[in-house]
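Chain and residue survey
Okay, here's what each chain looks like letter by letter:
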Amino acid sequence: MGPASRTTLTVNGREHTLTVDNRRVLLDLLREDLDLIGAKKGCDHGQCGACTVLVDGRRVNSCLLLAVTLDGSEVTTVEGLAGPDGEPHPLQRAFLERDAFQCGYCTPGQLCSAVGALAEAAAGHPSAVTGPGVRAGDPVPLGASEIRERMSGNLCRCGAYPRIVEAVEDVIP
Amino acid sequence: MADAPAALGAPLIRREGLEKVTGRARYAVEHRLPGSAHAWPVTARVASGRVLRVDASAALAAPGVLAVLTHENAPRLAEPDDPTLAVLQDAHVPHRGWVVALVVAETLEAAREGAGAVDVEYLAEDHDVLLTPDRPDAYVPEKANGGHPGLREHGDPDGAFASAPVRVDTAYRVPPLHNHPMEPHASTARWTDDGRLEAYCSSQGTTKVRQTLATMFGLPEESVTVRAEHVGGGFGSKGTPRPDVVLASMAALHTGRPVALALPRRDLPQLVGHRAPTLHRVRLGADSDGRIRSLVHEVTTHTSRVREFVEQAAVPGRTMYTSPHSRTVHRVARLDVATPSWMRAPGETPGMYALESAMDELAEALGMDPVELRVVNDCRTEPDTGKPFSSRHLVECLREGARRFGWAERDPRPGARRAGQVLTGTGVASATYPVLVSPSTASARALPDGTFVVRTNATDIGTGARTVLGQVAAEALGAAGDRVRMEIGDSDLPSAPLAGGSSGTASWGWAVHEACTRLARRLAVHRGPLPQDGLEEHADTAGTADAESDHARHAFGAHFAEVGVDTVTGEVRVNRLLGVYAAGRILNPRTARSQFVGGMVMGLGMALTEGSTVDPAFGDFAERDLAAYHVPVNADVLSVEAHWIEEDDPHLNPVGGKGIGEIGIVGTAAAVGNAFHHAVGVRMRELPLTPDRVLDALARRSPERGRA
Ligand code: FES
Ligand code: FES
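Here the structure is a predicted model, which is why all the values come from computation and not from measurement.

Rules used in this analysis
- Residues numbered from 1 in each chain as written.
- Chains lettered and ligands numbered in written order.
- Predicted model: local features only at pLDDT ≥ 70, side-chain atom pairs only at ≥ 80, totals over all residues.
- Heavy atoms only, no water.
- Contact = heavy atoms within 4.5 Å.
- Buried area = accessible area lost by both parts, 1.4 Å probe.
- Salt bridge = Lys/Arg side-chain N within 4 Å of Asp/Glu carboxyl O.
- Buried < 20%, exposed > 50% of the residue type's maximum accessible area, 1.4 Å probe, protein only.
- Helix = DSSP H or I, 4+ residues; strand = E, 2+ residues; numbered from the N terminus.
- Pairing = 2+ DSSP bridges.
- Domains from an automatic or database assignment.
- Polar contact = N/O pair within 3.5 Å; in protein donor to acceptor, adjacent residues only side chain to side chain.
- 1 Å grid on protein atoms, 1.4 Å probe; cavity = no way out; pocket = protein on both sides within 12 Å on 5 of 7 lines; lining within 4 Å.
- Points joined across faces, edges and corners; volume = space filled by probe spheres on them.
- Nonpolar A, V, L, I, M, F, W, Y, C, P; charged D, E, K, R; others polar.
- Phe/Tyr/Trp six-rings, centres within 6.5 Å; stacked < 30°, edge-to-face > 60°.
- Lys NZ or Arg CZ within 6 Å of the ring centre and 35° of its normal.
- Axes fitted to C-alpha atoms, helices over the stretch in contact; angles between N-to-C directions.
- Parallel < 35°, antiparallel > 145°, perpendicular 65-115°, else oblique.
- Left-handed = near helix turned anticlockwise from the far one by under 90°.
- Expected span 1.5 Å × (residues − 1).

1. What to know about the interface of chain A and chain B
Listed by partner, the interface residues are 52 residues for chain A and 62 residues for chain B. Here chain A packs against chain B, burying approximately 4,600 Å² in sum over the two surfaces, 54% of which is carbon and sulfur. Looking at the side of chain A facing chain B, the largest losses of area belong to Gln102(A), Arg157(A) and Tyr161(A), adding up to 19% of the total buried there. Put simply, chain A and chain B have 11 salt bridges between them.

Encoded structure:
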């Protein structure tokens, strides 16, 4: 191995300390080192969203982040969305119920992205379609157009978008 | 003991759904084989020529690099049926992006660095990649894709056109398009100590992959196993084996290690097929009541020097409408381009874009409603073959769609609906897709504990095949669905055709139905407990499934679109898409809807965002990644509705479906294009309708139609 660094990450609540190739991106660390293959590689270039996971609660394209720069971070992948009893996350249930996927390859990224998007809206982050009636910092109400806009970093070639929007709408508190 | 929720027609949730939403479903390069290495391809930088020399020394010196395969040291393979698979066998470079070396390394990073360090020297030759409608070297192929004759002619199409009172003579262009499934083409391969080859391959059908590998590596088929338990989409591009599985197998043989190879996204356009560009000329001559007298559809397209593949885009005109005089012909030019192949509804998709756009132009020329024009030209027998349709409910789809869409309220005048800077319009197009079916085998076993195992090498590329076949089996067995285990996606299972041509469910379902029906009959007369390993029945539909039918069998549909055109920015938004289909029996409404809608979304992409360009200087595609090639995103897709008409067609197969994976895309782009014309009063005849082109088109509008 070339230059490498000892890196500690907490992934889905478990701490891992690994010697990581400095070139390795978070996506490959999850997939190759931890066998968390729920994070998918669609493009390796930040263009598809299949690799979306949560780092310290915010959604990221894990193919664009060098793992060694994330020392001390908390990472949540699709494998970590279920409850402690293994009960699937309400969003996972909604995806099943709505048939919000076909091949399933974009799905873990869609799920993590949706969890992140819901948190961003709750924290008052506006999007390109947020109306002027929403005060900066106030929770943004999520309708279909907000969901579409916020989920547009996650490509689905199977074209499940309408069902994805419905599934996300189903879990809006 | 029939179990209602398991029966055919029930909207069951996908059997593997929970695995997919929890991230447990493993795809082709996610099987952790001990000692695995990773591979990365090096692709040709010239569009035509030869590799003179490969200097791998720097790559081999990089830490972690295990080997560099080139045409000089790679295993020699027997010639495959598909010459695009003969990788690293000689120095010839037939097009830019052809694989010229493969680096194998301990890690992905090392493989990628190694690939960057391989130094290839080429002898470049002149290349010729530009398709034009009048290329003198374009020829009429004997057969286009699907075995369709390159040319069909009836009556006197030119004479009938010349004498028709109403005529449309027009040309359309569809650019190259890329499948881009979200999972790239990927394989993991290993050789066992006893000389067997095992692969996990992202494929639409591993029976064919196994045959191909056995041929190329000189093995009996029993010595090769190929698995595809979960496949991240394919849309035709994984319908045949691709270089990834051959390269991974060679690399594994060369290094003695299991090797995983996922083709980089940027290499897919050159290596896994594409929808070839099609240049269309369509002539429709009609009587003043709208009945078509003459239909001429001439298509010019490209193929590579490696293999002849001809997008059969003139074929829909042989089926769709009354046309006593017709000519439907393909011309193809062999260029120094990558080899085109299947992309969702090859032939029908670009062909119906052209034909259905021309129908809209004919309706305009006649001053007739475009739905009525299609109704007037409906036919009971297929124009080309003279065979009666086994069932044809195009008119019902048009009528039902018109009702649901609110077509009756439409003001036929173009450019009449303006709100601020946005002009809104609506359009319609028909869709068709042939009923294809292939022989398949399957087995069904009853176990002493009351459960069943049904096995066939079907592939679930996202269609819900596992779920629907479970329904077919449960119904035939008279068993609850949860008593039936489905085993698919493994070439050691009873052999089965690929998931393609919208034929999977019909082909596999036929064999599953037959095996389960036989087993049920046997169980009905069986006395006493079952033997330890149960009772098993097999089915093989060779000779029945592929028997010639005396009916023309096609699915039909109607698409309606509403678009808004921003006259300042040139942006086109599809506000509503509505499709109504007549595709035989719908076996699972939940998964069927997803297939129809998915097809329509891809059609929306074809209409508005997707387009690739052959770069004349470099010879490959200019749009090679997902930042340059724009597949639709969530925000592009507003309301998409799919509906269907139940069809009871006795001339199909025991499960009664016509196939639904492709028809959703077929008429969508034409419906959107026709809606665009209705919105602004300008006809665009080249896809996609991107803002730059739209603004140009708006600038061409005649002044009396108002300001742009
Ligand atoms: S794999 Fe990271 S965005 Fe595509
Ligand atoms: S489900 Fe296949 S890409 Fe989204």
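And the narrative resumes.
2. Digging into the pairing of strand E10 (residues 166-174) of chain B
All names here are of chain B. Residue alternation in E10 divides its side chains into a buried set, Val166, Val168, Thr170, Tyr172 and Val174, and an unburied set, Arg167, Asp169, Ala171 and Arg173. Of the pairings in the sheet, the one linking E10 to strand E15 (residues 278-286) comprises 9 bridges and is antiparallel in character. Along E15, the bridge assignment pairs Val168 with Leu284.

3. Some words on the domain arrangement of chain A
Residue and element names in this part refer to chain A. One can read the domain layout of chain A as domain 1 (4-80) and domain 2 (90-170). Relative placement of domain 1 and domain 2: their C-alpha centres are 22 Å apart. Contacts between domain 1 and domain 2 engage 16 residues on the former and 16 residues on the latter. Between domain 1 and domain 2 the total buried area reaches about 1,300 Å² when both faces are included, carbon and sulfur atoms providing 55% of it. On the surface where domain 1 and domain 2 come into contact, there are 1 salt bridge. Note that Glu120 is salt-bridged to Arg59, the shortest N-O span being 2.9 Å. Applying the counting rule to domain 1 against domain 2 returns 7 residue pairs in polar contact (both at pLDDT 80 or more). Those elements that place two or more of their residues in the side of domain 1 that touches domain 2 are strand E3 (52-55) and strand E4 (58-61). Per-element accounting of the side of domain 1 that touches domain 2 gives the leading share, 3 residues, to E3.

4. Some points on empty space enclosed by the protein
Residue and element names in this part refer to chain B. Here the structure, examined in full by the defined rule, presents 8 cavities of 30 Å³ or more. In this structure, the largest cavity occupies an estimated 80 Å³ of space. What lines the largest cavity is a set of 13 residues, among which Thr84, Arg242, Gln270, Leu271 and Thr339 lie closest to the centre. Broken down by class, the residue content of the lining of the largest cavity amounts to 5 nonpolar, 6 polar and 2 charged. A domain-level breakdown of the lining of the largest cavity finds at least three residues from each of domain 2 (37-126 + 182-233 + 238-271) and domain 3 (145-177 + 275-435 + 551-705). Looking at the second largest cavity, its volume works out to about 40 Å³. If you trace the second largest cavity, you find it lined by Val51, His71, Leu88, Asp90, Ala91, His92, Val93, Trp98, Val99 and Val100. Elements with a minimum of two residues in the lining of the second largest cavity: strand E4 (92-93) and strand E5 (99-105). When the residues that make up the lining of the second largest cavity are grouped by side-chain class, the tally is 7 nonpolar, 2 polar and 1 charged.

5. A look at the environment of Gly97(B)
All names here are of chain B. Relative to the assigned elements, Gly97 resides in the loop between E4 and E5. Sequence spacing of Gly97 and Arg210 is 113 residues, and the spatial spacing of their C-alpha atoms is 25 Å. Discounting chain neighbours no more than four positions away, the residues touching Gly97 are Thr43, Ala44, Gln270 and Leu271.

6. Here we look at the packing of aromatic side chains
Residue and element names in this part refer to chain B. Considering all chains together, one arrives at 9 aromatic pairs over all chains under this definition. Between Trp407 and Phe560, the ring centres sit 5.5 Å apart and the planes meet at 70 degrees, which makes this aromatic pair edge-to-face. Note that Trp407 is positioned in the loop between helix H10 (394-405) and strand E18 (417-419) and Phe560 in strand E24 (residues 554-566), a separation of 153 residues in sequence. Each member of the pair, Trp407 as well as Phe560, carries the same accessibility label: buried. Through a chain of ring-to-ring contacts, the aromatic side chains of Phe405, Trp407 and Phe560 assemble into a single cluster. Of note, Arg392 hangs over the ring of Phe556, and the distance from its end group to the ring centre comes to 4.6 Å. Cation over ring: Arg576 sits above Phe405, and NZ or CZ is 3.9 Å from the ring centre.

7. Some remarks on the pattern of salt bridges
All names here are of chain B. Summed over the entire model, instances satisfying the criterion amount to 72 salt bridges over all chains. Of the charged contacts, one joins Glu356 and Arg374 as a salt bridge, the two residues approaching to 2.6 Å between their closest N and O atoms. Of this pair, Glu356 sits in helix H8 (residues 348-366) while Arg374 sits in helix H9 (residues 370-376), placing them 18 residues apart in sequence. Given a relative accessible area of 0%, Arg374 falls into the buried group. Arg455 serves as the salt-bridge partner of Glu487, at 3.1 Å between the closest nitrogen and oxygen. Taken together, the positions of Glu487 in strand E22 (residues 484-487) and Arg455 in strand E21 (residues 452-455) put the pair 32 residues apart, joining distant regions of the chain.

8. Observations concerning the layout of surface pockets
Residue and element names in this part refer to chain B. Volume-wise, the second largest pocket comes out at about 940 Å³. Lining the second largest pocket are 44 residues, and of these Trp40, Pro41, Thr43, Pro264 and Asp267 sit closest to its centre. For the lining of the second largest pocket, the element with the highest residue contribution is strand E1 (residues 37-43), accounting for 6 residues. Residues of the lining of the second largest pocket, tallied by class, amount to 22 nonpolar, 7 polar and 15 charged.

9. So, the packing of helix H5 (residues 206-217) of chain B against helix H6 (residues 243-255) of chain B
Residue and element names in this part refer to chain B. At a closest axis distance of 11 Å, the pairing of H5 and H6 adopts a crossing angle of 45 degrees. Classified by the angle between their axes, H5 and H6 sit oblique to one another. Crossing angle aside, the handedness with which H5 passes H6 is right-handed. Touching Val209, Leu213, Met216 and Phe217 of H5 are Val245, Val246, Ser249, Met250 and Leu253, all from H6. Partitioned by chemical class, the residues of the contact of H5 with H6 number 8 nonpolar, 1 polar and no charged.

10. Quick word on H6(B)
Residue and element names in this part refer to chain B. Taking 1.5 Å of rise per residue, 13 residues should cover 18 Å, and H6 covers 18 Å from first to last C-alpha, within 8% of that figure. Within H6, 10 of the 13 residues are buried, which leaves it mostly tucked inside the rest of the structure. Turning to H6, its buried residues are Pro243, Asp244, Val245, Val246, Leu247, Ala248, Ser249, Met250, Ala251 and Ala252. After H6 finishes, the residue Gly256 shows a positive phi value of roughly 75 degrees.

11. Remarks on the sheet that holds E4(A)
All names here are of chain A. Judged by pairing direction, the sheet is mixed, and its 5 strands sit side by side in the order E2-E1-E5-E3-E4 without closing on themselves. A strand with exactly one partner marks an edge of an open sheet, and here the two such strands are strand E2 (14-21) and E4. Pairwise comparison of adjacent strand axes, ignoring direction, gives a mean angle of 40 degrees for this sheet. For E3 and E4, the ladder comprises 4 bridges, and the chain directions are antiparallel. Paired with Val53 across the two strands is Val60, which belongs to E4.

12. Concerning the pairing of strand E1 (residues 4-11) of chain A
Note on strand geometry: in a regular strand, side chains alternate between the two faces of the sheet. Residues and elements named next belong to chain A. In terms of strand pairing, E1 meets E2 through 8 bridges, oriented antiparallel. Residue Val11 lies in a different strand from E2, and its bridge partner there is Arg14. Counting the residues that bridge the hairpin from E1 to E2 gives 2 residues, and of these Asn12 lies at a positive phi of roughly 50 degrees. In the sheet, E1 pairs with strand E5 (residues 74-76) via 2 bridges, with the strands oriented parallel.

13. Observations concerning the sheet that holds strand E2 (residues 49-55) of chain B
All names here are of chain B. Reading across from one edge, E4-E2-E6 is the order of the 3 strands in this open sheet, with antiparallel pairing throughout. Since the sheet does not close on itself, it has two edges, and those belong to E4 and strand E6 (119-124), each with one partner. Summarising the sheet, E2 and E6 pair through 6 bridges and their orientation is antiparallel. Counted as the bridge partner of Val51 is Tyr122 from E6.

14. Digging into the domain arrangement of chain B
Note: interface size is frequently given as the accessible area lost on complex formation between the parts. Residue and element names in this part refer to chain B. Segmentation of chain B into domains returns domain 1 (17-25 + 438-540), domain 2 (37-126 + 182-233 + 238-271) and domain 3 (145-177 + 275-435 + 551-705). Taken over C-alpha atoms, the centre of domain 1 sits 34 Å from the centre of domain 2. Across the contact, 18 residues belong to domain 1 and 17 residues belong to domain 2. Interface area for domain 1 against domain 2, summed over the two sides, is near 1,400 Å², with a carbon-plus-sulfur share of 42%. The largest share of the area that domain 1 buries against domain 2 comes from Thr459, Ile461 and Ser491, three residues that together contribute 34% of it. Counting every contact that joins domain 1 to domain 2 gives 1 salt bridge. A salt bridge links Asp490 to Arg227; the shortest N-O distance between them is 3.0 Å. At the junction of domain 1 and domain 2, the tally comes to 11 residue pairs in polar contact (both at pLDDT 80 or more).

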